[in-house]
There are 2 protein chains.
Amino acid sequence: MSTFRFAESSGMPIYRQLENGIRKMILDGNLSAGDRLPSSRQLATDLGISRQTVKNVFEQLTIEGFLNSRRGSGTFVGDVAVMKLPPEMPRDRRRLNGYRVQPSKHARAIAATKATTRLGSVAAFRPGVPALDMFPRKAWSAAHSRVMRSGNDILFSYGPPGGLPELKRAIRLHVRDHRGIRCDEDQIVVTAGAQQAFVLIALTLIKSGSVVWCEDPGHIAVRDAMRLLCADVKHVPVDRHGFDLEYARQRHPRARLIFVTPSHQHPLGITMSLNRRLELLDSAQQHGCWIVEDDYDSEFRYAERALPAMQALDGSGHVLYVGSFSKSLFPALRIGYLISPPGLVDAFAAAQTLLSQNVSPLQQQVLASFMLDGSFNAHIRNMCTLYQSRRDLLVQGLRQHAGSFLDIEPCLAGMHLIGWLRDGTANELVAAEAIRSAGIDCLPLSIYCVEQVLRPGILFGFACVPDSEINAATRVVGAAMADALHGGRHNVPPRQH
Amino acid sequence: MSTFRFAESSGMPIYRQLENGIRKMILDGNLSAGDRLPSSRQLATDLGISRQTVKNVFEQLTIEGFLNSRRGSGTFVGDVAVMKLPPEMPRDRRRLNGYRVQPSKHARAIAATKATTRLGSVAAFRPGVPALDMFPRKAWSAAHSRVMRSGNDILFSYGPPGGLPELKRAIRLHVRDHRGIRCDEDQIVVTAGAQQAFVLIALTLIKSGSVVWCEDPGHIAVRDAMRLLCADVKHVPVDRHGFDLEYARQRHPRARLIFVTPSHQHPLGITMSLNRRLELLDSAQQHGCWIVEDDYDSEFRYAERALPAMQALDGSGHVLYVGSFSKSLFPALRIGYLISPPGLVDAFAAAQTLLSQNVSPLQQQVLASFMLDGSFNAHIRNMCTLYQSRRDLLVQGLRQHAGSFLDIEPCLAGMHLIGWLRDGTANELVAAEAIRSAGIDCLPLSIYCVEQVLRPGILFGFACVPDSEINAATRVVGAAMADALHGGRHNVPPRQH
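Residues numbered from 1 in each chain as written. Chains lettered and ligands numbered in written order. Predicted model: local features only at pLDDT ≥ 70, side-chain atom pairs only at ≥ 80, totals over all residues. Heavy atoms only, no water.

(A) View of the sheet that holds strand β8 (residues 290–294) of chain A. All names here are of chain A. Spatial ordering of the open sheet is given by β3-β10-β9-β8-β7-β4-β5-β6, a layout of 8 strands whose pairing is mixed. Whereas interior strands pair on both sides, the edge strands pair on one side only; in this sheet they are β3 (188–191) and β6 (242–243). Across 2 bridges, the pairing between strand β5 (residues 232–239) and β6 is antiparallel. Pairing of Val-238 across the sheet is with Phe-243, part of β6. (Pairing = 2+ DSSP bridges. Helix = DSSP H or I, 4+ residues; strand = E, 2+ residues; numbered from the N terminus.)

Printed below as a string of structure tokens:
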């Protein structure tokens, strides 16, 4: 025991250090089963600590099985299994980092997914993030406090599978009024965002190796999630009517799941034509496959009313409609919903329980009251007006400062527009990287593409940028592009995503 | 068009009804491509509505592609794809419920999982639910309001993959002080509860058909989740030292993942002995498999300090430690954590993004401040005292009112105890169902079992029951058991779980 030393600066209490030290000696084989320890009096004197401390440590280690006390004859090392662990156990922090577990190929592929790219940013011109600066924090906070104060205890527990009835009612009314959807409340599953809905669908309806058709360009996290679940993802281009069904039919094996964004193609912004919708529905019915309608931002339209959801055209129960509050409220709410044919709801709800339990009933209740008292509708109306004006400022700024590099047309819906590079041979990755190096967020169109090669373009999100910052930020975009595309920096290696 | 009728009581605006009506006629084939519609003036007169309403509807349907307007010559049905949908489209609510999609065998198996059983209840004597009646709502609400008022916009967005640094720091300090775990903050992944951590582990480390060893009796949602992910689940009994490694080695193929609850076996309450822990670690290292240490309620101990976590004994990076705030705070928080060897963290964080995006950074921030200001520790201390006294009241009540049916010993940790049926041949399902029919929640031990047959027992949770209700509830338990076991009601069919 004389080798034992206290690390005075470790911030760990003396008794813990002694405990850990004795455990380590036993586990490392420096003390063996049956070895007798010094008496507590002796050890206390040697170490200059109180005898009671030593006694407490002996007691704890005896409970744990490391030591054995025989009344009257002393304290002995217990009959601890002979360790076959490496002689140098990297138990302290420095050494713990010394070993690095080698992740499998599968784990490395997961870690390399594009979907995690810089989720944290809310800077200009981050696509897909709403106007967090204008979020009605006060009203939301008040709704939260009300629920905390007077909500039933049950709201603090796990909540009913599939979601809180009150929130399902609010969602039913919302999709009826905004999306032309008629459904029963028991067709709705409240999910932890749209992404979870996609995963629930796949876990329930496909198996390893099932063919899934995804749009190309398309939603990155969807196809990465399908790959995580070992689906055979096939990439289908979009034409001016949307998802190119004919292409898919000719080139790919029949799908079990088809992911589409009919209201507002992600990221191109195309609205799927009525005929294309009907063809897709027809095909799904004939071949018994499922259409996942990802309706991620249909609340924000600046020209005309949206087409009703495809779900509203579906007469045979082949559409799974997915909505989200990440764009219409804020991403950190982590609530979305899945509207499903009746026969599948129980499976989706059970799969959700197994994935992560249900969505917090507390947050569901806050959201329900925010929706049912009209605050949600008012917020959407306000954001529609705000986004339209931010879009106009962005169009104006980009045309003014980057008009020689980019073709800019105002988008008719959503939260981003695409600036098409005038020089169709310019490298959009170089341009986007230059803009990002100058402190402005944006995404090159090609990161959404797998097989398709499109005219080079860059996505600029306008929703999350305060009006006052838009023009200055577009000036930075223009300068960075001038530098990158005319300043001889064409050779900058493209950033890896 | 003369067949069109308004449903005055539908609550849907007139223009919507007209829109839907025309769409339906086209989709049903009652109006065909090229058919001419009555003029807006004519239709308005026929239907007794304003001409402007009709014009608006025509305009919307023209945008959608259902109609075609040729200036001067009228409005025509558009070139809508010939529908092969069933002639009777069940678009209205009544009919929507008319079709029922037949779920696949896989979907039905998911829907039948035991894990969803009555998640909503917080009544006496629900196991696994903390004292929601004593939760410091005010302090929590205040922390939430502070974050809402002054938190950075970024907290309202998606948050950094793996979790907020501030919360990871708070978790590191907590597990260091309470569980003897030394880790870097970047070994921590904040998850949407423990259940999500289990799923992340499986998605990253196993594939379809991989062997997973689970305790029997054991955590229901864990094994159901492993089955959902197509693992080959093998059931391993527990003896008085915990997980029976020898049994598993002899009967089952080598595992890739081993799920254990060493601190407090779920649901039996056994603490895994030191030697068993070391044998398990040794085995994991030799065979390159992973141990998932589910440390779900180790905060609540009434006799002695807990053994340090197995993770603290692990010198070679084979333990994945999973903790949760569902018991120590409240389930609706939906936050847990995974402490992993360094090499795997990126894969876990990426898998989480693909499953459901990250945990709400807003909620993470609230939790971090609740932990870092000492409120969390104080709460745990208070709950420890409270639960001990609730346990004592439960023991006293059950001995008094149900002592002729149940052997009752106070548990030394956790939030439930097991009442062992004195008559070892009595049917615990019948007894538990009788108690539940009398309005008292409880769970028969056998629902946690797969292959093992144990002495009949019933789980009674005491944490969530206000002190004042405990005695009365035990009286109901006694009466119900008397009725069921002595009253000739042995033939009541057991409830299906």
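(B) Broad picture of the confidence of the model for chain A. Residue and element names in this part refer to chain A. When pLDDT is averaged across chain A, the result is 87; 90% of the residues are at 70 or more. For residues 82–100, every residue scores under 50 in pLDDT, and the model assigns this stretch 42 contacts once sequence neighbours within four places are set aside. Here residues 488–497 is modelled with pLDDT under 50, and outside its nearest four sequence neighbours on either side it reaches 17 contacts, counting other chains as well. (pLDDT = per-residue confidence, 0-100. Contact = heavy atoms within 4.5 Å.)

(C) Main features of the sheet that holds strand β12 (residues 416–421) of chain A. All names here are of chain A. Strand order in the open sheet made by the 4 strands is β11-β12-β14-β13, with antiparallel pairing throughout. Every other strand in the sheet has two partners, leaving β11 (406–407) and β13 (443–444) as the edge strands with one partner each. Two elements, β13 and strand β14 (residues 457–461), share 2 bridges in a ladder whose sense is antiparallel. The residue of β14 that forms the bridge with Pro-444 is Ile-458. Across the sheet, helix α14 (residues 375–402) is in contact with β11, β12 and β14; its angle to β12 comes to roughly 20°. Helix α15 (residues 428–437) rests against β12, β13 and β14 of the sheet, and its axis sits at about 30° to β14. (Axes fitted to C-alpha atoms, helices over the stretch in contact; angles between N-to-C directions.)

(D) Up close: the relation of the copies chain A and chain B. Superposing chain A onto chain B takes a rotation of 180° plus a shift of 0.0 Å along the axis, which leaves an RMSD of 0.1 Å. Here the transformation between the copies is reduced to the relation of a two-fold axis. In this assembly, 99% of the residues forming the interface of chain A have copies in chain B that are likewise at the interface, indicating an isologous arrangement. (Least-squares fit on C-alpha atoms with pLDDT ≥ 70 in both.)

(E) Molecular detail of the packing of aromatic side chains. All names here are of chain A. For the coordinates displayed, the defined rule picks out 26 aromatic pairs over all chains. Where Trp-213 meets Phe-243, the ring centres are 6.2 Å apart and the plane angle is 25°; that geometry is what we call stacked. Here Trp-213 is found in strand β4 (residues 211–216), whereas its partner Phe-243 is found in strand β6, with 30 residues between them in sequence. According to the relative accessible area criterion, Phe-243 is buried, its value standing at 0%. (Phe/Tyr/Trp six-rings, centres within 6.5 Å; stacked < 30°, edge-to-face > 60°. Buried < 20%, exposed > 50% of the residue type's maximum accessible area, 1.4 Å probe, protein only.)

(F) Inspection of the pairing of strand β1 (residues 67–70) of chain A at higher detail. Residue and element names in this part refer to chain A. Strand direction decides the pairing type here: β1 and strand β2 (residues 74–77), joined by 4 bridges, are antiparallel. In the strand pairing of β2, Ser-69 is matched with Thr-75. Connecting β1 to the antiparallel partner β2 that follows it, the hairpin turn spans 3 residues, and Gly-72 within it adopts a positive phi of roughly 90°.

(G) Looking closely at the nonpolar core. Within the largest apolar cluster, 158 residues are counted, with the highest numbers of intra-cluster contacts made by Phe-460 of chain A together with Phe-460 of chain B. Val-199, Val-212, Ala-231 and Ala-350 of chain B belong to the second-largest nonpolar core, a separate cluster that totals 72 residues. (Core = buried A, V, L, I, M, F, W, Y, C linked by side-chain atoms within 4.5 Å.)

(H) Up close: the pattern of salt bridges. Under the counting rule described, the total for this entry stands at 34 salt bridges over all chains. Between Arg-455 of chain A and Asp-407 of chain A there is a salt bridge whose closest N-O contact spans 2.8 Å. Of this pair, Arg-455 of chain A sits in the loop between β13 and β14 while Asp-407 of chain A sits in strand β11, placing them 48 residues apart in sequence. Note on Arg-455 of chain A: relative accessible area 38%, which makes it partly exposed. Linking Glu-409 of chain B and Arg-399 of chain B is a salt bridge whose minimum nitrogen-to-oxygen distance equals 3.7 Å. Here the residue Glu-409 of chain B occupies a position in the loop between β11 (406–407) and β12 (416–421), and Arg-399 of chain B occupies one in helix α14 (residues 375–402), the gap between them amounting to 10 residues. The class of Glu-409 of chain B is exposed, set by a relative accessible area of 58%. Exposure remark for Arg-399 of chain B: the relative accessible area of 45% places this residue in the partly exposed category. Each of Asp-133, Arg-390 and Asp-467 of chain A takes part in a single network of salt bridges with overlapping partners. (Salt bridge = Lys/Arg side-chain N within 4 Å of Asp/Glu carboxyl O.)

(I) Broad picture of helix α13 (residues 361–372) of chain A. Given a rise of 1.5 Å per residue, 12 residues ought to cover 16 Å, and the 16 Å separating the end C-alpha atoms of α13 of chain A matches this to within 8%. Burial of α13 of chain A is extensive: 11 of the 12 residues sit out of reach of the surface. For α13 of chain A, the set of buried residues is Pro-361, Leu-362, Gln-363, Gln-364, Gln-365, Val-366, Leu-367, Ala-368, Ser-369, Phe-370 and Met-371 of chain A. Looking at the buried positions of α13 of chain A, the neighbouring elements they touch are α6 (137–150), α7 (165–179), β3 and α14 of chain A together with α13 (361–372) of chain B. Following α13 of chain A by one or two positions, Gly-374 of chain A adopts a phi angle in the positive range, close to 90°. (Expected span 1.5 Å × (residues − 1).)

(J) Representation of the interface of chain A and chain B. Across the boundary between the two partners, chain A contributes 123 residues, which contact 122 residues of chain B. Buried area between chain A and chain B, summed over both chains or domains, comes out near 10800 Å², and the portion from carbon and sulfur atoms is 61%. For the chain A face of the interface with chain B, the top three residues by lost area are Arg-137, Arg-305 and Leu-354 of chain A, together amounting to 7%. Taken together, the links from chain A to chain B amount to 2 salt bridges. At the boundary of chain A with chain B, the tally comes to 23 residue pairs in polar contact (both at pLDDT 80 or more). Examining the composition of the side of chain A that touches chain B, we find that 9 residues originate from one element, α6 of chain A, more than from any other. Looking at side-chain class alone, the side of chain A that touches chain B contains 62 nonpolar, 37 polar and 24 charged residues. (Buried area = accessible area lost by both parts, 1.4 Å probe. Polar contact = N/O pair within 3.5 Å; in protein donor to acceptor, adjacent residues only side chain to side chain. Nonpolar A, V, L, I, M, F, W, Y, C, P; charged D, E, K, R; others polar.)

(K) Spotlight on the side chain of Gln-352 of chain B. Note that Gln-352 of chain B resides in helix α12 (residues 345–356). A polar contact of 3.0 Å, which involves the side chain of Gln-352 of chain B, links it to the side chain of Gln-196 of chain B.

(L) Spotlight on the state of the cysteines. Inspection of the entire model under this criterion finds 0 disulfides over all chains. This cysteine, Cys-442 of chain A, is not joined by any disulfide, and Cys-464 of chain A carries the nearest cysteine sulfur, 12 Å off. As a non-bridged cysteine, Cys-289 of chain B has Cys-214 of chain B as the owner of its nearest cysteine sulfur, 13 Å distant. (Disulfide = S-S within 2.5 Å.)

(M) Region of interest: the pairing of strand β8 (residues 290–294) of chain B. Residue and element names in this part refer to chain B. With respect to burial, β8 is a largely interior element, 5 of its 5 residues being buried. In this sheet, β8 lies alongside strand β7 (residues 257–260) in parallel orientation, the contact comprising 4 bridges. What sits directly across from Leu-257, in β8, is Trp-290. Read from β7 through helix α11 (residues 274–287) to β8, the crossover connection turns out right-handed. Pairing of β8 with strand β9 (residues 319–324) involves 4 bridges; the strand directions are parallel. Its bridge partner being in β9, Ile-291 is matched across the sheet by Val-319. (Right-handed = clockwise from strand over helix to strand, strands pointing away.)

(N) Quick peek at unusual backbone geometry. In this structure, the amide linkage connecting Asp-216 of chain A to the following residue, Pro-217 of chain A, adopts the cis form with an omega of 5°. Along the chain, Pro-217 of chain A falls in the loop between β4 and α9 (220–228). The residue after Ala-124 of chain B, namely Phe-125 of chain B, is reached through a cis peptide bond having omega -5°. One can find Phe-125 of chain B in the loop between α5 (105–111) and α6 (137–150). A positive phi angle, near 60°, is found at Gln-357 of chain A, a position not held by glycine. Counting through the fold element by element, Gln-357 of chain A comes out in the loop between α12 (345–356) and α13. We note that Cys-230 of chain B has phi near 65°; this positive angle belongs to a residue other than glycine. Locating Cys-230 of chain B in the fold gives a position in the loop between α9 (220–228) and β5 (232–239). By relative accessible area, which is 38% here, Cys-230 of chain B ends up partly exposed.

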